[in-house]
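Given next are the chains, with one letter for each unit.
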Amino acid sequence: MTTPTPQGPVPNSAALGLDLGGRTALVTGAASGIGRACALRLAAAGAKVRAVDRDADGLDGLADHARGLDLSGTVEPHVLDLTDLDAAEQAAAGTDVLVNNAGIQLVRPIEEFPPEVFSTVLKVMLEAPFRLVRGALPHMYGQGWGRIVNVSSVHGLRASAFKSAYVAAKHGLEGFSKVAALEGARHGVTSNCVNPGYVRTPLVERQIADQAAAHGIPAERVVTEIMLGDSALKRLIEPEEVAEAVAYLCTPQASFVTGVSLPMDGGWTAH
Ligand code: NAD
């Protein structure tokens, strides 16, 4: 008997019945990977999506793609480097849905980790989300409705060697998300994290060589031994699967779901 091939996602973007018509959503890191999938998913639900990224070409490509899909919402590029924290806070004013997604990675042992990169990782992945939430809350509180979704990681819940800045930033984001949930509750604002394992995106492709060097193994063994080593499901997740979880957290059915972290890690944290 042969072993069945593990099944990937079955695309079914209408399944949640999410209607964001008339809503504005801001997605950071929207030019690539998970952010791009989130921007398209929320636009498919009818939202006017403010797509934020430092990658202008990537955003243009996304906007072109969105136009070709005939979505009920729109995708509007907003070029911004999130290390400009004041600009980040301003960009979030007036949004109903905020998806904090932009992220960067560097794989190095602590003693070789450049301090300036550590600071930048914390700035983009923890300080910028704080400033974006700070910018978004007055409008959300004013209307008594808002959705904050923080794209954390299995590394918000578990550590891995050689990812000091990333793990520190994601653990910080987890705490911040819970505080936003407690403060936002009486204003109709929920705040949650989604926690994927390894997702098939450029961020993962770019770290294969560094992982191989840090662990002293050939690049072709990195996915199976390092990335999927702790995952019961032996495949990468697709960005669209993460976007669907983000969309769920914006549905009316999820209005009582706040302050949680949703692992999408193939069983990694079941250990
Ligand atoms: P990606 O590299 O494909 O996309 C990240 C985007 O963020 C890029 O478009 C990049 O230009 C943008 N960005 C980075 N720094 C920025 C800055 N200073 N200002 C504005 N934009 C900036 O990465 P991805 O895999 O889609 O990751 C998205 C998020 O998901 C990250 O927070 C990451 O930590 C998280 N995540 C990824 C994985 C994974 O395996 N890929 C797993 C768990 C969590």
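All figures in this text were calculated on a predicted structure; none of them were measured in a lab. (Residues numbered from 1 in each chain as written. Predicted model: local features only at pLDDT ≥ 70, side-chain atom pairs only at ≥ 80, totals over all residues. Heavy atoms only, no water.)

**Student:** How would you summarise the site of the ligand if you had to cite specific residues and measurements?
**Tutor:** The local shell around the ligand holds 29 residues, among which Ser32, Asp53, Asn101, Tyr166 and Thr201 are the closest. At 3.3 Å, a backbone N or O of Arg54 approaches a nitrogen atom of the ligand. At 2.8 Å from an oxygen atom of the ligand is found a side-chain nitrogen or oxygen belonging to Lys170. Within the residue set of the shell around the ligand, elements represented by two or more residues are α1 (33-44), α5 (164-184) and α6 (202-215). Taken together, the residues of the shell around the ligand sort by class into 15 nonpolar, nine polar and five charged. Taken domain by domain, the shell around the ligand gets at least three of its residues from each of domain 1 (24-197 + 237-266) and domain 2 (201-236). (Near = heavy atom within 4 Å. Polar contact = N/O pair within 3.5 Å; in protein donor to acceptor, adjacent residues only side chain to side chain. Helix = DSSP H or I, 4+ residues; strand = E, 2+ residues; numbered from the N terminus. Nonpolar A, V, L, I, M, F, W, Y, C, P; charged D, E, K, R; others polar. Domains from an automatic or database assignment.)

**Student:** Run through the pattern of salt bridges, naming residues and quoting values.
**Tutor:** Summed over the entire model, instances satisfying the criterion amount to nine salt bridges. Between Asp86 and Arg131 there is a salt bridge, with the nearest N and O atoms lying 2.5 Å from each other. Within this pair, whereas Asp86 is found in helix α3 (residues 85-91), its partner Arg131 is found in helix α4 (residues 115-143), the two being separated by 45 residues in sequence. Its relative accessible area of 18% is what places Arg131 among the buried residues. The salt bridge partner of Arg108 is Asp210, with a shortest N-O separation of 3.4 Å. Here Asp210 lies in helix α6 and Arg108 lies in the loop between β4 (97-100) and α4, a separation of 102 residues in the sequence. Arg108 sits in the partly exposed class, given a relative accessible area of 29%. Ionic contacts of the salt-bridge type, sharing partners, join the residues Asp86, Glu89, Arg131 and Arg134 into one network. (Salt bridge = Lys/Arg side-chain N within 4 Å of Asp/Glu carboxyl O. Buried < 20%, exposed > 50% of the residue type's maximum accessible area, 1.4 Å probe, protein only.)

**Student:** Please set out the side chain of Thr24 residue by residue, giving values where relevant.
**Tutor:** Within the secondary structure, Thr24 sits in strand β1 (residues 24-28). Looking at Thr24, the relative accessible area reads 15%, which means it is buried. When residues no more than four places from it in sequence are discounted, the contact partners of Thr24 are Lys48, Arg50, Gly94, Thr95, Asp96 and Val97. (Contact = heavy atoms within 4.5 Å.)

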